[in-house]
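# Observations on the model geometry
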Amino acid sequence: MPWLDACLASCATQDYEGPLEVSIFDDSSTDGSDACIRAWAGRLEVAGVRCVCSGNRWPGSDGNGVTDPTAPAGGAGRARNKAVAQSSGSFLCFLDADDVMLPGRVRRQLAAA
């Protein structure tokens, strides 16, 4: 949670001019990360960045609209796989919650690809 604001703000400041999507999977956080993610989802959408968010303990995570407040964390690999599965893009760049990316990251990585 302490790094999420800076992390997600760095997604909103990318200088890439094409469509951009942020896919977030909350792996059973208990520190308020879910509220921060929901708030940033709206800000990212306003900035023109599509945002897809879900989590182990979020409503509907079981496919039936039910929240399981005791759902265990699945680990970094599972969280990445879940985020990839809910993504719609052809190219991915990974960013962990304690990371920030420079404004030209997406543009430069796509050009290199």
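Below you will find a few notes about this structure.

Here we come to the environment of valine 49. Structurally, the position occupied by valine 49 is in strand β2 (residues 49-55). Taking the C-alpha atoms as reference points, valine 49 and leucine 20, separated by 29 residues in sequence, lie 5.2 Å from one another. If near-sequence neighbours (up to four positions away) are discounted, valine 49 is found in contact with Cys11, Leu20, Glu21, Val22 and Leu44.

With that settled, consider the pairing of β2. Two elements, strand β1 (residues 20-26) and β2, share seven bridges in a ladder whose sense is parallel. Bridge pairing in β2 places phenylalanine 25 opposite serine 54. In this fold, β1 hands off to helix α2 (residues 33-46), which returns the chain to β2; that crossover is right-handed.

It is worth spelling out the environment of phenylalanine 25 at this point. Turning to its location among the elements, phenylalanine 25 is positioned in strand β1. Among the residues examined, phenylalanine 25 registers a relative accessible area of 15% and is labelled buried. Once the C-alpha coordinates of phenylalanine 25 and arginine 78 are considered, the two residues, 53 residues apart in sequence, prove to be 9.4 Å apart. Ignoring any residue separated from it by four or fewer positions in sequence, one finds phenylalanine 25 in contact with Ser54, Gly55, Asn56, Arg78, Ala79, Lys82, Ala83 and Gln86.

Before going further, it helps to spend a moment on the packing of aromatic side chains. One pass over the structure, following the stated rule, counts zero aromatic pairs. In this structure, arginine 38 is placed above the aromatic ring of tryptophan 58, and the distance from its NZ or CZ to the ring centre is 3.9 Å. Just above the ring of tryptophan 40 sits the side chain of arginine 43; from NZ or CZ to the centre is 4.6 Å.

What follows concerns the pattern of salt bridges. Per the counting criterion, the structure on display carries four salt bridges. With a closest N to O distance of 2.1 Å, arginine 50 and glutamate 21 form a salt bridge. Placement of the pair is arginine 50 in strand β2 and glutamate 21 in strand β1, with a sequence separation of 29 residues. The partly exposed category is assigned to arginine 50, whose relative accessible area is 42%. Relative accessible area serves as the criterion here: at 22%, glutamate 21 is assigned to the partly exposed category. Residue arginine 80 is joined to aspartate 96 by a salt bridge in which the shortest nitrogen-to-oxygen separation is 2.9 Å. Taken together, the residues arginine 80 in helix α3 (residues 76-85) and aspartate 96 in the loop between α3 and α4 (105-112) connect sequence positions 16 residues apart. Relative accessible area serves as the criterion here: at 34%, aspartate 96 is assigned to the partly exposed category.

Rules used throughout
Residues numbered from 1 in each chain as written. Predicted model: local features only at pLDDT ≥ 70, side-chain atom pairs only at ≥ 80, totals over all residues. Heavy atoms only, no water. Helix = DSSP H or I, 4+ residues; strand = E, 2+ residues; numbered from the N terminus. Contact = heavy atoms within 4.5 Å. Pairing = 2+ DSSP bridges. Right-handed = clockwise from strand over helix to strand, strands pointing away. Buried < 20%, exposed > 50% of the residue type's maximum accessible area, 1.4 Å probe, protein only. Phe/Tyr/Trp six-rings, centres within 6.5 Å; stacked < 30°, edge-to-face > 60°. Lys NZ or Arg CZ within 6 Å of the ring centre and 35° of its normal. Salt bridge = Lys/Arg side-chain N within 4 Å of Asp/Glu carboxyl O.

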